[in-house]
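Fold and contact review
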Amino acid sequence: MEGGEMDDSNIVGLSANREYAKWAHRETNPEDVPRKPEALDDTLVLDLSHGNFAGLFASSLLAEMGAEVIRVEPPGGDLARKMTPFGIMIGDAGLGYIVEGRNKHHVTLDIAREEGKKLLLGLAKKADVLIHTFKPGYLESLGLGYGDLREANPGLIFTAIHTYGQFGGDSETCSNQPDYDIVDQARGVIMSVTGEPDLDPAVPDAYKKPLKQGNWMGWYAGGAWAAFGIQTAMFHKRKTGKGQFIDASPPEGLMAISNYVMQYFHMSGRQMPRAGNYDYAVFPYTYVKCRDGFTFISGFSDPNWSALCEIMDRPDLRERFPSIRERLTPENQPAIQHEIERFTVRYTSEEIQQMITAYSKKPDKKGTVVTGRLESSGDVLKREHWDVRKTFVRVNDPNYGEVLVQNSTFKSMSKTPGRVKWVCRPIGADNESVYRKHLGLDGEQLRALKESGVV
Amino acid sequence: MAREKTRPDSTGELFEKEKLFDKPEPLKGVRVLEVCSVVLGPATCDYLAEFGAEVIKFEGRKGDQMRYVTPYAYFWKGMSPGLEIENHNKYWVGMHVGNPKAKALFLELVKKSDVVVDNLTPGRMAEWGLDYRALREVNPKIIQLHVSGYGSWGPWTGRTSYDAVAQSMGALASITGFEDRGPIKSGVWIADWITGLMCANAILSALNYRERTGEGQFIDYLQVENVIRLLDWTWLYSFKTGEDRKRSGNRDLAICPSDLFDCLDGRVALAAFSEAEFRGLCEAMGRMDLFETYRDPLKRLRDGNARELLDRIAVWAGGCRVEDVEALACEHGFAASRVLEAKDVYHSGHSRERGVIQEYEDPLYGNMVQQCYPPVLSETPARLKWSCRPLGFDNRYVLGKMLGLPEEEVKMLEDEGVVFQWNPDVPSQCPPPGWDGKSGVKIP
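Computed from a predicted structure; not experimentally measured.

**Quick look at the overall build of chain A**
For chain A, the count of helices and strands is 21 helices and 13 strands. Per-residue burial over chain A gives 60% buried out of 455 residues. Sequence-distant contacts in chain A: of pairs separated by 6 or more residues, those separated by 24 or more amount to 70%.

**A few points about the domain arrangement of chain B**
Partitioning chain B into structural domains gives domain 1 (10-231 + 384-429) and domain 2 (258-342). Taken over C-alpha atoms, the centre of domain 1 of chain B sits 43 Å from the centre of domain 2 of chain B.

**A short note on the environment of Arg-321 of chain B**
Relative to the helices and strands, Arg-321 of chain B resides in the loop between helix H14 (303-318) and helix H15 (322-332). In contact with Arg-321 of chain B, not counting residues within four places along its chain, are Cys-263, Leu-264 and Asp-265 of chain B.

**A few points about the interface of chain B and chain A**
Contact with chain B, which involves 154 residues of that partner, is made by 155 residues of chain A. The residue makeup of the side of chain B that touches chain A, split by class, is 86 nonpolar, 39 polar and 29 charged. Two elements, strand E8 (residues 244-248) of chain A and strand E12 (residues 376-377) of chain B, share two bridges in a ladder whose sense is antiparallel. By the bridge assignment for E12 of chain B, Asp-247 of chain A is matched with Val-376 of chain B.

**Points about the domain arrangement of chain A**
As assigned here, chain A comprises domain 1 (34-256 + 388-451) and domain 2 (285-374). Between the C-alpha centres of domain 1 of chain A and domain 2 of chain A there is a distance of 42 Å.

**Points about the sheet that holds strand E5 (residues 143-148) of chain B**
All names here are of chain B. In spatial order, the strands read E3-E2-E1-E4-E5-E6; together these six strands make up an open sheet with parallel pairing. Edge positions in the sheet fall to strand E3 (90-94) and strand E6 (217-222), since each has one partner strand and no second. Going across the sheet, the axis of each strand differs from the next one's by a mean of 20 degrees, ignoring polarity. Relative to E3, strand E2 (residues 54-59) is paired through five bridges, and the arrangement is parallel. Of the residues in E3, the one forming a bridge with Glu-59 is Gly-94. Most of the contacts of helix H18 (residues 395-402) go to E3, to which it runs at about 100 degrees, and overall it touches E2 and E3.

Conventions and cut-offs
Residues numbered from 1 in each chain as written. Chains lettered and ligands numbered in written order. Predicted model: local features only at pLDDT ≥ 70, side-chain atom pairs only at ≥ 80, totals over all residues. Helix = DSSP H or I, 4+ residues; strand = E, 2+ residues; numbered from the N terminus. Buried ≥ 20, exposed ≤ 12 C-beta atoms within 10 Å, placed from the backbone. Contact = placed C-beta atoms within 7 Å. Domains from an automatic or database assignment. Nonpolar A, V, L, I, M, F, W, Y, C, P; charged D, E, K, R; others polar. Pairing = 2+ DSSP bridges. Axes fitted to C-alpha atoms, helices over the stretch in contact; angles between N-to-C directions.

Structure (structure tokens):
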């Protein structure tokens, strides 16, 4: 759709301030993205991630913002290319890798070989950021540790991502373990409180155990934290010229955002149980069954609870559970859930959405009720809102064919929007251009390196 | 384990926690105005505050909603733990910025600030005459980030979002849960925290760009879209196969083996994908026959193969103790760990040594032990300085020191109700019982 011709209703939607919505659209129009500058296009990043999407996601975020990312793989390609559901491959890359190969220049290099080490050192001298996910101690054993690289480039921001971190007691004992999402989630505390509710007698015991987030949340949160650390370090470097060592442990990235479980333990000496779709701090705030699946529904504070009871025409419930003290107990929440579902199973998620929207416009409304359908992945791909906002990028890639990947979420920055310039590149596809540009290697030299198996 | 130590001892020295407060803060000198409530917006600013930004938080009369969101309606020294978790190192002002007089004060602060963050209904700031256009007029270098569920424009702009809505509308909930059971929401407000983290990333890029060019900008950030971004291969899979991504419990459909297993005395998370790691696991299990059959990682990922292999591992793990599997993982080079709970991390020497759990004395609330945001930086590490504060606790400091208002003028603004402090009848807005009237007060 052409920006200028876009239907107004697609821009102002349900906005209470149409003029603002139109202004915001002009400022962040997806059509204008390719013409705008990039925030980090003066930054050179080396990504040595090894079978690890925390590292890959961190460098994706920087690449979306315009950093020049050189993705260094071993000569046969990185293991992450094979991390793909049911083993589905498109050419030399699995589905996960195609999503996080974005905007990166792909080279191969055997850093365990003497010539390979020299090339890496040459690149590291020019780089602002190096990201790696090897076992702690591996790069040091090659003479490529922070100490070595800092000597060559004091401005280098050396970022090491690993489950157990690069120092500390557990790091000493467990540094021979590789970093995997499932273990990052297991050590990130959130998994201990996610899963079917411990205190609901209706749940069979076999399901009362920790549950991971369905996605690679350990790796994605770990990567987002690493990128955040890198950007604060870059900000410091711009003022002082100094680089530094960033030690990014993905489970610490989850543990740091595990709600109040740590604080509650400190204050009360007690731990939180798994609550399933209940929430012992805010309720109702839950997924309920409806005629066509599930939908979210909330009505937590007293006014909002009154509003929900009014919508359901159940004043008796308001009297039975009048304050948060009654609504926040593990005993009452299954009962409240059950009563709400008696109402919601009669309607589709869309009908519930409409009822609640209509109620929100009533002048004598008691409070605010919020709903949102529990979407499947197929549902999401069909929604007009995501189409209009360009949430996904669909391209016919010369190497990977027709593909669709999620766009940069930084695309709505007015001056320097994030973007996806290409989705992925084959193994070693950019060897020639990268080694020529940064190390001045000519065709002859590159051929020799290829023959000896270094690249 | 029995492995040659290759790390120089100096790695730990780079991060010595005794030197924490001698080191510079990377965001020192960055002033952030927080017009936010609940979790997402305040968390965005909290990440910046722990790395040294000076965050000024504005609250209306009722205060941040998190003053009333707390497990089992439990309050500690009058404070809501729900408020504490996303509010550290901040300056607290009781002032509704929509009030015309307050607006003028706010704009004065904008002149001296770098970033404004709001997570209100999109367009609300505009109604108050405080949208980016107005802010830019008084400070051309200002960066404004607005975050909401669906963004400032588009067919669904204006719809309300909460964490759990973002989890459901972004399809995280539909892929989380056991194969033969219903969808499960995260045990924490993950879509708030993680969206806040990406907002902080966006702000940092804008700050880096401004450092290069002197230019500020407006950022529209969408919470639901952020959840969508984090779902790895989900979208490409649905696009290519036409199928929804299904729930698979703790089993990773793209890495095999990777799952949670029952042991004799607990549970262990385990993964071994590369050929070498998988060989190590098979050696540890004494099942080299499995290695011969399933050496190839891609072969292991086929559904039938994966189920069979995971069953074999489950049988083996069922006869082991958790700590034995962990030790075998260290010895043979695969990944395995128990599931950590809050108390494990709270008491962990590892986490304290790394400074990701910090203990400090808060002048209002006393001894505190809690998380400090990662990652761990050698030159410019994050730190916890103080906890959340009563409503309007720093009015005088902010108006006096930052705007240079004399005491009489602040008093007048209070009398007019433009700025205000806690309501004594609402305990979770107030200082802890027995507060001496001085502790924690910052002198302008």
